[in-house]
Amino acid sequence: MIQRFSKKREAIIECLRSTDTHPTADWIYRQLKPQFPDLSLATVYRNLGQMKEAGMIQSVAVVSGQERYDAETHSHTHFVCQNCDAVMDLWETGLPQNILKQAEESSDCEIRSVSLQFTGICPCCRKRTAS
């Protein structure tokens, strides 16, 4: 059965797909509020939760107390700046091939997904502190 999206839900997913900043629900809400005056933050959170549960989007990390979202669900790593809270994709950084097998063998768990996140200082913040 194909689920039809409401205009608001479609706008939420399109807003998320249109950026690579890994936004918060609040950011998405502020982007869409002018277009949908009756939109509530609760609606944004509810729809993001449903989309996350359906595997349409992923939660990247909680940064400064706010969950950050990504429309790109293919396996990739992220970098979080400890200074400005920027979240960036690191597409070229992969996991060693045998790490999943080693983790499964050492834990006796069946691992279905893995998330890798680096933290540090982004290039923009590094430039600002070097000046």
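Before reading further, recall that the structure is shown in the block above.
Here goes a summary of the coordinates provided. (Residues numbered from 1 in each chain as written. Predicted model: local features only at pLDDT ≥ 70, side-chain atom pairs only at ≥ 80, totals over all residues. Heavy atoms only, no water.)

Concerning the overall build of the protein chain
Rules: Counting from the N terminus, the helices are DSSP H or I runs at least four residues long and the strands are E runs at least two residues long. For the accessible areas, the method is Shrake-Rupley and the probe is 1.4 Å, while residue cover comes only from the protein chains on display.
Within the protein chain, the regular secondary structure consists of five helices and five strands. Counting helices and strands in the order they occur from the N terminus, the protein chain gives α-α-α-β-β-β-β-α-β-α. Dimensions of the protein chain, computed from C-alpha atoms along their principal axes, come out at roughly 55 × 50 × 25 Å. By element, 50% of the accessible surface of the protein chain is carried by carbon and sulfur atoms, the whole surface being about 9000 Å².

With respect to the sheet that holds strand 3 (residues 77-81)
Applied cut-off: Here, strands pair whenever DSSP counts at least two bridges between them. Here the axes come from fitting lines to C-alpha atoms, over the contacting stretch only for helices, and the angles between their N-to-C directions go from 0 to 180 degrees.
Pairing is mixed across the open sheet formed by three strands, whose spatial order is 4-3-5. Single-partner strands in this sheet number two, and they are strand 4 (87-90) and strand 5 (117-120). If you compare each strand with its neighbour and ignore which way they point, the axes differ by 25° on average. Here strand 3 runs beside strand 5; their pairing, made up of four bridges, is parallel. Counterpart to V80 in the pairing with strand 5 is T119.

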